[in-house]
Amino acid sequence: MRRSRTAAHFCDHHVLEMLMPAPGPTTNAPPVNGIPPGRPFSWRFVTPLFVGSALNPINSSLIATALVPIAHGLGVSIGRTAALVTALYLASAIAQPTAGKAAEVFGPRRVFLAGIGLVIVGGLMGGSAHSLPTLLISRVLLGLGTSCAYPTAMLLIRRRAEDAGLDKPPGGVLGGLQIAGIATASLGLPLGGVLVAVLGWRSVFFINVPVALVALVTTLAWVPPDSRPDSPPDRSRRARDIAAALDVIGIAGFAAAMIALLLFLFALPDARWYLLAISAVLWIALVLWELRARTPFLDLRLLAGNLALTSTYLRYGLVLFCAYVVLYGVTQWAQSVRGLSETEAGLLLLPMTLVSGLVISLVSRRNRVRGPVVAAALACLIGSAGVLLLSASGWIGWVVVVTLVFGVAMGTSGAGNQIALYDHAPAEQLGTASGLLRTFGYLGSIAASATTGIVFRTRVSDPGMHLIAWIMVGVGVVLVVTTLADRTLRTRPAP
């Protein structure tokens with residue numbers, strides 16, 4: 001529970017201004033496909049997408065302050081309520097690419113709205129729950145529903161840009177999606193604390209309902225219906241055809257393999273090797289199936305042939321691994337070794353979120369890839385080396401310096417890798433590709449949590465922190481070498 005609190009203990013009062021895309025130039029040119037060429041991404045169009053995309057990260061941290069009150073209110077142990085955190089992560093890691101695949105088949109706006117509906121149901125169920133199993137179902141529904149937003153938003157933005165005749169990625173809008181995730185995750189803890197103190201723990205579930213209703217109404221009013229020939233579901237199609245288009249078996253195999261893998265990681269440092277063995281068998285079976293599927297959920301041939309896209313996933317996951325090691329490991333070290341309170345440790349890490357949001361806002365508008373991802377790799381290596389200098393007797397301000405460096409790493413990585421995803425993922429598969437990017441991010445953060453748990457299993461200490469730092473340095477070296485050697489970063493695909 002401590003990790004959930006400290007990782008989310010940030011607040012940025014000015015970041016919302018950065019979410020809005022820069023106004024386009026005025027023009028008297030005629031509309032393209034009904035979209036004014038000067039402002040294809042008006043605030044009306046992007047507002048519901050940003051609001052919807054914020055629901056997942058804010059729910060990941062909103063629950064932290066409610067775990068103890070929930071345990072007391074339902075008469076269960078505090079340890080059992082930790083499953084509420086795990087449930088959302090499991091559901092989200094699986095649902096992100098699944099929602100993207102569904103958006104490609106049924107249309108992104110439909111799936112976005114369906115996700116909002118699940119959020120409303122999950123919020124109502126959780127707010128009125130009287131047992132822990134009901135709360136777990138609620139958290140799963142919230143994870144599934146909130147995960148529909150980001151991949152569908154990416155697909156909606158891509159299609160909007162194509163309809164408007166844009167030949168470059170709308171960097172400001174894409175950056176807004178990244179900033180929304182960072183800013184709203186940081187607001188989860190203080191918002192949850194206020195809600196629990198004033199209205200009780202049920203409010204952290206009920207709060208989803210009015211926010212989701214805002215997203216629902218604004219989407220219906222301001223986001224045009226899916227109108228492409230491949231978007232509307234064909235009511236004459238048989239269930240078997242729809243299942244084949246979705247690759248239901250592939251989705252089920254991916255879900256089972258991910259659940260086994262994530263449960264293994266969540267259980268660390270208690271290694272449950274049977275879970276890892278089950279996951280390995282399921283992944284092998286999934287690969288064999290996907291290579292034969294007509295419309296595969298995971299297009300393995302695409303990933304093998306599109307090294308630029310595969311490298312984007314790996315870079316993103318490795319950067320988030322390093323960043324979350326700082327969030328999890330350094331905060332535990334600051335509290336246990338330096339004697340800081342949870343609030344003080346959270347404030348030390350505040351610059352990391354603020355800088356990352358600012359960097360995303362500045363970098364994403366330039367639509368660059370190679371420069372930002374190289375900067376992210378170098379920042380990870382430099383920041384990891386900086387962690388080696390942390391000690392019980394050292395200057396505590398060095399923690400702030402380290403977090404500033406990792407703020408640059410997160411910002412440049414988020415902006416550069418998202419543009420790379422937009423560039424290199426096939427337009428018709430951008431939904432699934434976007435969801436997979438988030439899944440790799442979850443894997444990186446969960447691996448970071450597992451690493452700190454293993455090293456700090458018996459005691460949090462300077463030697464343990466330095467061992468973690470050496471692991472980070474190794475990851476940083478891999479990032480720098482692979483990024484500099486990646487020839488796909490030197491060329492951009494033709495528009």
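Bear in mind that the values here come from a model prediction, so they are computed numbers and not experimental data.

(A) Structural context of the environment of L191. In this fold, L191 is placed in helix α10 (residues 171–199). Overall, L191 belongs to the partly exposed group, its relative accessible area being 32%. Expressed as a C-alpha distance, the spacing of L191 and L62, which sit 129 residues apart in the sequence, is 7.0 Å. Aside from chain neighbours lying at most four places away, what touches L191 is I58 and L62.

(B) A look at the packing of aromatic side chains. Taken as a whole, this structure holds eight aromatic pairs when the rule is applied. A centroid spacing of 5.2 Å and a plane angle of 10° characterise the contact between Y313 and F440, whose relative ring orientation is stacked. Separated by 127 residues along the polypeptide, Y313 in helix α17 (residues 307–336) and F440 in helix α22 (residues 430–455) bring together distant segments of the chain. The exposure class assigned to F440 is partly exposed, which follows from its relative accessible area of 26%. Three or more aromatic residues link up through ring pairs in this structure, and these residues are F254, W283 and F297. Over the aromatic face of Y422 sits the side chain of R158, whose NZ or CZ is 4.7 Å from the ring centroid. Positioned over the ring face of F45 is R160, at 4.5 Å from the centre of the ring.

(C) Region of the structure containing the packing of helix α20 (residues 370–387) against helix α23 (residues 462–485). The interhelical angle for the contact between α20 and α23, taken along N-to-C directions, is 160°, at an axis separation of 8 Å. Overall, the two elements α20 and α23 adopt an arrangement that is roughly antiparallel. Pair α20 / α23 crosses with left-handed handedness. Side by side, α20 and α23 meet where R370, V373, V374, A377, L378, C380, L381, S384, A385 and V387 of the first sit next to M465, H466, A469, M472, V473, G476, V477, L479, V480, T483 and L484 of the second. Residue composition of the contact of α20 with α23, grouped by class: 16 nonpolar, four polar and one charged.

(D) Spatial organisation of helix α3 (residues 43–62). Relative to the 28 Å expected for 20 residues at 1.5 Å per residue, α3 spans 26 Å between its end C-alpha atoms, a close match to the ideal helical length. For α3, the principal kink sits at N56 and spans about 30°; a proline, P57, occurs within the next four residues. Buried residues dominate α3, accounting for 17 of its 20 residues.

(E) How the structure looks around unusual backbone geometry. Of note in the backbone geometry, D247 takes a positive phi value of approximately 60° without being a glycine. Within the secondary structure layout, D247 lies in the loop between α13 (239–246) and α14 (248–267). Look at N367: it is not a glycine, yet its phi comes out positive at around 55°. The residue N367 is located in the loop between α19 (350–364) and α20 in this model. On the accessibility criterion, N367 (12% relative accessible area) is buried.

(F) Structural context of the pattern of salt bridges. As enumerated under the stated definition, the model contains three salt bridges in all. A salt bridge links R158 to E162, with the nearest nitrogen and oxygen atoms 3.2 Å apart. With R158 and E162 both in helix α9 (residues 149–163) and four residues apart, the pair spans about one turn of that helix. A relative accessible area of 13% places R158 in the buried class.

(G) Structural context of the confidence of the model for the protein chain. Of the residues in the protein chain, 87% reach a pLDDT of 70 or more, and the chain-wide mean stands at 84. Across the protein chain, the element-wise mean pLDDT spans from 40 in helix α1 (residues 2–7) up to 96 in helix α7 (residues 108–127). Below a pLDDT of 50 lies the segment residues 1–27, which in the model reaches 73 contacts outside its immediate sequence neighbourhood of four places, other chains included.

(H) Region of interest: the environment of I446. Tracing the backbone shows I446 in helix α22. In sequence terms I446 and V325 are 121 residues apart; their C-alpha atoms lie 9.6 Å from each other. When near neighbours in sequence (up to four residues on either side) are disregarded, I446 contacts L262, L265 and F266.

(I) Seen up close, the nonpolar core. Within the largest apolar cluster, 126 residues are counted, with the highest numbers of intra-cluster contacts made by I63, I70, F406 and L421. A total of 15 residues in this core trace back to one element, the largest contributor, which is α17. Leaving out residues up to four positions away in the same chain, I63 has contacts with I70, L84, V85, R139, V204 and F205.

(J) Representation of the side chain of D486. With respect to the helices, strands and loops of the structure, D486 is situated in the segment after α23. Sequence-distant contacts of D486, that is, excluding residues within four places in its chain, are made with S311 and R315.

(K) View of the packing of helix α6 (residues 83–106) against α13. At their nearest, the axes of α6 and α13 sit 9 Å apart, and the two run at 130° to each other. Classified by the angle between their axes, α6 and α13 sit oblique to one another. Helix-helix and strand crossings are classified by hand; for α6 and α13 the assignment is right-handed. For the pair formed by α6 and α13, the contact residues are K101, A102, V105 and F106 on the first element and I242, A245 and L246 on the second. Looking at the contact of α6 with α13 residue by residue, the classes come out as six nonpolar, no polar and one charged.

(L) Expanded view of a nonpolar patch on the surface. Taken together, the side chains of L118, V140 and L144 define a hydrophobic patch exposed on the protein surface, amounting to about 180 Å² of accessible area. With respect to the helices, strands and loops of the structure, L118 is situated in helix α7.

Calculation criteria
- Residues numbered from 1 in each chain as written.
- Predicted model: local features only at pLDDT ≥ 70, side-chain atom pairs only at ≥ 80, totals over all residues.
- Heavy atoms only, no water.
- Helix = DSSP H or I, 4+ residues; strand = E, 2+ residues; numbered from the N terminus.
- Buried < 20%, exposed > 50% of the residue type's maximum accessible area, 1.4 Å probe, protein only.
- Contact = heavy atoms within 4.5 Å.
- Phe/Tyr/Trp six-rings, centres within 6.5 Å; stacked < 30°, edge-to-face > 60°.
- Lys NZ or Arg CZ within 6 Å of the ring centre and 35° of its normal.
- Axes fitted to C-alpha atoms, helices over the stretch in contact; angles between N-to-C directions.
- Parallel < 35°, antiparallel > 145°, perpendicular 65-115°, else oblique.
- Left-handed = near helix turned anticlockwise from the far one by under 90°.
- Nonpolar A, V, L, I, M, F, W, Y, C, P; charged D, E, K, R; others polar.
- Expected span 1.5 Å × (residues − 1).
- Bend = angle between axes of the 7 residues up to and from the residue.
- Salt bridge = Lys/Arg side-chain N within 4 Å of Asp/Glu carboxyl O.
- pLDDT = per-residue confidence, 0-100.
- Core = buried A, V, L, I, M, F, W, Y, C linked by side-chain atoms within 4.5 Å.
- Patch = residues over 30% accessible without salt bridge, like charges linked within 9 Å, V, L, I, M, F, W, Y side chains within 5 Å.
- Areas by Shrake-Rupley, 256 points an atom, 1.4 Å probe, with all protein chains shown as cover.

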